[in-house]
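Structure assessment
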Amino acid sequence: MRGLNLDHLRVFLDVIELGSISAAAERHGLSQPAVSQQLRQLERRYGLHLAERVGRRVTATAAGQELLVFARRIAAVESEVERAMQSHASGVGGRVLLGTGGTACTYLLPPLLADLRRRFPDLDVVVRIGNTADVLRGVEDNVLDLGLVTLPARGRMLQATPVLDEDFVAIFPAGETDIPARAAPADLARRPLVLFEPGARTRRLADDWFEAAGVSVRPVMELGSTEAMKEIVAAGLGCAVLPSLAVTGAGARQSLAVRPLRPKLRRQLAVVLRHDKPIGRGLRQVVQMLQGLRARR
């Protein structure tokens, strides 16, 4: 059997992911007949129908779905090869994909990335935001080079290195009276409560904190944005539980009153990589940057 044409595989992947031959043609700078021809050549190679039109979308057949799994792996390996060669060609450079949560991306990473850019202008760090489960899946599938996530971080192919301990705090409207010096679960349960959306690791930690105290809560709002939660509280619509990063330094606001929790609630952030991940010079610099967070303990 003749060698696999990777161009055909890329086109097939984009046709299915975009659901359209015309959209894939535009992405690749090809004509629609050229894309259709490449699909037919790929199908002739295997003697199978790989794609079919359902309504207005092009979808994968059962065989095509299985081929997609391998196509994504090959695309990830291609990206890894490209980054590795760029690193060797130009010293510390290339592209590193970092996955993390919204809080770390907003309040923790900007000064670190700015310093890294000053020292290594040819190094491009792309940050993708997601919850812990999404980031771990991306690292394990080698779609992301590394992650900065809240522990626990389980995965057969993963290794996690704790780099930062962070306390949670309660926030209240600054003008509100009768704010406790230390906020206990019962204090918060008596007020309109804003929590992170279900599925977030930080929400799971908060739920466990309330549950351990035997307190049942029904939040009035569940949001995915720390900034949105701060706006809601500042407007006098409730209180919230947030990681302290969100309300210190650049995240501090005069419109909010911040109180420690009683008992304490803490999370650990960790750097996560695949066990077998090749560590190029660019990726090494990003890992070292994040490991430097240990000094904040």
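Right, let's walk through the structure included here. (Residues numbered from 1 in each chain as written. Predicted model: local features only at pLDDT ≥ 70, side-chain atom pairs only at ≥ 80, totals over all residues. Heavy atoms only, no water.)

**Here's the deal with the packing of aromatic side chains**
- According to the stated counting rule, one finds one aromatic pair in the structure shown.
- On the basis of an interplanar angle of 75° and a centroid distance of 5.0 Å, the ring pair of Trp209 and Phe210 is categorised as edge-to-face. Here Trp209 matches Phe210 in class, with each residue buried. (Phe/Tyr/Trp six-rings, centres within 6.5 Å; stacked < 30°, edge-to-face > 60°. Buried < 20%, exposed > 50% of the residue type's maximum accessible area, 1.4 Å probe, protein only.)

**Looking at the side chain of Ser244**
- With respect to the helices and strands, the residue Ser244 is situated in the loop between β9 (239-243) and β10 (256-260).
- Residue Ser244 is classed as buried on the basis of its relative accessible area, which comes to 18%.
- Every residue in contact with Ser244, bar those within four places of it in the chain, is listed here: Glu166, Asp167, Phe168 and Val169. (Helix = DSSP H or I, 4+ residues; strand = E, 2+ residues; numbered from the N terminus. Contact = heavy atoms within 4.5 Å.)

**Thoughts on helix α6 (residues 132-140)**
- Taken as a whole, α6 has its buried residues at Thr132, Val135, Leu136, Gly138 and Val139. With its buried residues spanning 160° around the axis, α6 presents them on a single face.
- Turning to α6, the residues buried within the fold contact β3 (94-100), β5 (146-150), β6 (158-173), α8 (201-212) and β11 (266-274).
- A distance of 3.2 Å separates the backbone nitrogen of Ala133 from a side-chain oxygen at the start of α6, and that oxygen is part of Asn131.
- Asn142 lies just past α6 and shows a positive phi near 65°. (Arc of directions from axis to C-beta. Polar contact = N/O pair within 3.5 Å; in protein donor to acceptor, adjacent residues only side chain to side chain.)

**Some details on unusual backbone geometry**
- Here the residue pair Leu151 and Pro152 is connected by a cis peptide bond, since its omega of 5° sits within 30 degrees of zero.
- If you trace the backbone, Pro152 turns up in the loop between β5 and β6.
- At the junction of Arg262 and Pro263, the peptide bond is cis and its omega measures out at 0° in the coordinates.
- With respect to the helices and strands, the residue Pro263 is situated in the loop between β10 and β11.
- Residue Asn142 is not a glycine yet carries a positive backbone phi of 65°.
- Here the phi dihedral of Asp178 falls at roughly 60°; this positive angle occurs in a residue that is not glycine.
- Among the secondary structure elements, Asp178 is positioned in the loop between β6 and α7 (185-189).
- Classification of Asp178 by relative accessible area gives exposed; the value is 67%.

Worth remembering: the numbers are spatial, not functional.
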